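Coordinate inspection notes
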Amino acid sequence: MTQRAKIESDGPEPGGAGAVAGIAIDAGAELDPVHPVRPPAPRFKPGGLSTAEVAERVARGAVNDVPVRSSRSTAEIVRANVLTRFNAIIGVLWVIMLFVAPIQDGLFGFVIIANTGIGIIQELRAKKTLDGLAVIGEAKPSVRRDGRTAEISTSEIVLDDVIELGPGDKVVVDGTVGEADGLEIDESLLTGEADPVLKKPGDPVMSGSFVVAGGGAFTATKVGREAYAAQLAEEASRFTLVHSELRTGISTILKYVTWMMVPTSIGLVVSQLIVKDDNLKEAIARTVGGIVPMIPEGLVLLTSVAFAIGVIRLGRKQCLVQELPAIEGLARVDVVCLDKTGTLTEGGMDVTECRPLGGADAPYVEKVLGALGESDPRPNASLQAIIDAYPDSAEWRCTESLPFSSARKYSGASFSEGDGENNTWLLGAPDVLLPAEDPALEEINALNEQGLRVLLLGRAARELDDPDVARGVRPTALIVLEQRLRPDAADTLRYFDDQDVQAKVISGDNAVSVGAVAGKLGLPGAQNAVDARKLPTEQAEMAEVLDGNSVFGRVTPQQKRDMVAALQSKGHTVAMTGDGVNDVLALKDADIGVSMGSGSEATRAVAQIVLLDNSFSALPSVVAEGRRVIGNITRVATLFLVKTVYSVLLAILVVCSQVEYPFLPRHLTLLSTLTIGVPAFFLALAPNKERAKPHFVKRVMRYAIPGGAIAASATFVTYLLARHHYSGPGALEAETSAATLTLFLTSMWVLAIIARPYTWWRVALVGAMGLAFVIVLVVPWLQDFFQLKLEGAALPWTAVAVAAAAAALIETAFRWVDRRFPA
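Predicted model, so just to flag it, every value in this text is computed and none were measured.

**Some points on the overall build of the chain**
- In terms of regular secondary structure, the chain is built from 28 helices and 21 strands.
- Buried residues in the chain amount to 56% of all 823 residues.
- A separation of at least 24 residues holds for 73% of the contacts in the chain among residues at least 6 apart in sequence.
- With an accessible surface of roughly 33,600 Å², the chain has 58% of that area assigned to carbon and sulfur atoms.

Below, the structure written as structure tokens:
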């Protein structure tokens, strides 16, 4: 007796139920929305298409050719990095400078080329990593051809292919059911309805839905771009750089910068043309020198590079990042919901004992267990352990079966046992199948407290299709299973505890058993396991219980979803891990969904991150990478925006004072490279364990505005003092050199603050930037190249004193901001 034989014998035959005899039906037929009369179903071939039929469909293009794209194309990457608003502005200014000034005043253009090139290279590396991992993680549906079943790529499916379905499988193309054995499909991702739909032969199935229970097969009626969810699936799998607080915040900042830049630039152009009416080329050069540093183009680039490097680093740890903003989300996570099975425990289990109840015959019980295992073509981990322990030895005929459902907590089958006996058996959770007062539950609780999993085998008094089939079950045996703990689970839970991330173990298993497993792994609060059937239904009340406890058992799929929503209502950023179909809705609703690579196709489809090697120990690396990227971008954004603020203010001061702009583009290129560009690149890649905090724009601007204002004021003071001190030929060069010294030292102090807390390499980085500037000041050919030469002793030391005073003010201002505007 096999389940497949039963399915094929009971399923519709060609020309029978599910088809109109002798008539081939148009595979693309649709339901009429006005007159919902289902058209005749396409002919179902239990053995699938022949090789010749597949070749004919391939030749006419009836193939599932939707491009599976895990990343942007190479052309899109190049276009996105080259064709930007700021590259256009700077490109125009660069071309102008090449005509009116020496090459050293056009260095900023080469920096843009280098930065854009770095961005393209890093994203191409990330694309290669993503594309490679996507192929590894791609699910392969089981398709029948020439009477045999084989796994093929989704892109190889053709029209009229017969595709098998089992628990957790995703429906990859539209079709019509041909075989169904308790087939329940969740269409919530398409329709929003959470309740699974029972499918029968002739019923339609839509791509994007997934199987929650039972099994069957369907004929593909729409493939490629015609499939219902094809566009959605393609869009969801793309490499995205949007929908994150970080990028939204940067866009907001850039918008305001643009508004400030336009009038300021116009005023600067007019003032310089008036002041330098006898030297148009130098007026243009100094005007461009004032405009270029207003643009924080490096901040956008650095964000993209940091994201891309994060993807590459996680890819090396076998973590597939399906959406880049997931990296940012991970940095903000403060609650991780863990499914016990497959996360804290390994997928496999072992049967340690079978205890007959009520005088049941042990050999007979083993026969029943073997037959139950044979009746399910896609057993879960518990049933697989039973199959391994008790192979089928009975020549019984399965007349009806009920697949396991995480909502029901049990499965079942009816057998004709060959001697005239017909019995219906249920296998599942004892506390679901037995009444609360049953004495057997005491024995079961004692086993659960040891961390063991217990299933009840019971003889049903009702038919299997009776909605109350579980009522009146006669206990026959207890099957004791031992779960294999993941060796890395304890260390991972300890990491989360150290990082102030709450771990919540949420499982469909018995609460006491789950608590015992979590206790063995050292999870705080594991001894106070909560039975989810007693949880309040009100969101606010549920959130209070969730905040106060760590372990929850007997959780239904809908409750998992409700628990995620309750935690989010308390302001938590929630990550959900899982590998089973019952986790899909919660994964979808969580801020970050993390799926195991061996999990169902449905969980991998909705998760933002897939752990391809199924290693729970990779989660700390994933969280740490998110914190590193976002924490460091927030840190270095201050450097870029301080430069923008002081550039705008200096331009305003120059316009109001009607003096020459103190800097040429080469001076600000040098300053930007030493105080921002090079340090920011290294700081953005440094370790950072701080959890990301909200309000990115507020956090950055509260430092950038006072820092930039003080730097601009100090620089302009030095410039005015120098204008009164120097006279004659070369005066402007000396004035510029003094102002550059003050601005460099002030900017270096901002860098020194941003680089805290100090480590040897951070100190070395700041020191190296300072040394590089000293070399420029003392090496003659560099002095000439950058047009920097300090004249005399009085003004240079005055510039240092002004910078020291500005540094003290910046230090005081930053500390005051920390106290007055904590973020």
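There is more to say, and it comes next.
**With respect to the pattern of salt bridges**
- Under the criterion given, the structure shown has 25 salt bridges.
- Ionic pairing is found between E56 and R57, a salt bridge with its closest N-O pair at 3.5 Å.
- With relative accessibility at 38%, the residue E56 sits in the partly exposed group.
- Taking the relative accessible area as the measure of exposure, R57 reaches 10% and is therefore buried.
- Between R355 and E443 there is a salt bridge, with its nearest N and O atoms 2.6 Å apart. Here R355 is found in strand β10 (residues 345–356), whereas its partner E443 is found in helix α15 (residues 440–448), with 88 residues between them in sequence.
- You can call E443 partly exposed: its relative accessible area is 32%.
- A cluster of three or more residues bridged by salt bridges with shared partners is formed by E56, R57, R60 and D160.

**Considering the packing of helix α24 (residues 696–725) against helix α28 (residues 794–820)**
- It is the contact of α24 with α28, at a shortest axis distance of 9 Å, that shows an interaxial angle of 165°. On the basis of their axis angle, the class for α24 and α28 is roughly antiparallel. Regarding α24 and α28, the two cross each other, and that crossing is right-handed. Across from R702, Y703, P706, G707, I710, A714, T718, L721, A722 and H725 in α24, the residues of α28 making contact are A794, L795, T798, A799, V802, A806, L809, I810, A813, F814, V817 and D818.

**Observations regarding the pairing of strand β20 (residues 592–596)**
- Judged by how many residues are buried, β20 sits mostly within the fold: five of five residues are covered.
- Going residue by residue along β20, you find I592, V594 and M596 tucked away on one face and G593 and S595 tucked away on the opposite face as well.
- Both strand β19 (residues 574–578) and β20 contribute to a ladder of four bridges, which runs parallel. Residue pairing in the sheet places T577 in a bridge with V594 of β20.
- Across three bridges, the pairing between β20 and strand β21 (residues 609–611) is parallel.

**Quick notes on the packing of aromatic side chains**
- Scanning the entire structure with this criterion turns up eleven aromatic pairs.
- Between Y256 and W259, the ring centres sit 5.4 Å apart and the planes meet at 75°, which makes this aromatic pair edge-to-face. Taken together, the positions of Y256 and W259, both in helix α8 (residues 245–275) and three residues apart, correspond to about one turn of that helix.
- Relative accessible area serves as the criterion here: at 43%, Y256 is assigned to the partly exposed category.
- Considering the side-chain rings of Y661 and F663, the 6.0 Å spacing of their centres and the 75° angle between planes classify their relative orientation as edge-to-face.
- Site record: aromatic cluster; members linked through ring pairs are Y364, W396, F415 and W425.

Rules behind the numbers
For every chain, the first residue of the written sequence is number 1, and numbering continues from 1 along that sequence. Residues qualify for local features only when their pLDDT is at least 70, as the model is predicted, and side-chain atom pairs are given and counted only at 80 or more; totals for whole chains, interfaces and linings, by contrast, use all residues. Only hydrogens and water are removed before side-chain values are computed, so all heavy atoms of the structure are retained for them. Numbering of helices and strands runs from the N terminus, with a helix taken as a DSSP run of H or I at least four residues long and a strand as a DSSP run of E at least two residues long. Burial classification: accessible surface area is computed with a 1.4 Å probe over protein chains only, and a residue below 20% of its type maximum counts as buried, one above 50% as exposed, and the rest as partly exposed. The contact rule is simple, with two residues in contact once any of their heavy atoms fall within 4.5 Å. The protein chains shown are the only cover counted for residues, whose accessible areas, like all others here, come from Shrake-Rupley with a 1.4 Å probe. Salt bridges are identified by distance alone: a Lys or Arg side-chain nitrogen within 4 Å of an Asp or Glu carboxyl oxygen. Each axis is a line fitted through C-alpha atoms, and for a helix only the stretch in contact is used; angles between axes span 0 to 180 degrees, taken between their N-to-C directions. Throughout, the term roughly parallel applies to angles under 35 degrees, roughly antiparallel to angles over 145, roughly perpendicular to angles from 65 to 115, and oblique to all others. Helix crossings are classified by the rotation of the near helix relative to the far one: an anticlockwise turn of less than a right angle makes the crossing left-handed, while a clockwise turn makes it right-handed. Whether two strands pair depends on DSSP finding at least two bridges between them. When two rings of Phe, Tyr or Trp (its six-membered ring) have centres within 6.5 Å they constitute a pair, described as stacked for plane angles under 30 degrees, edge-to-face for angles over 60, and tilted for the intermediate range.

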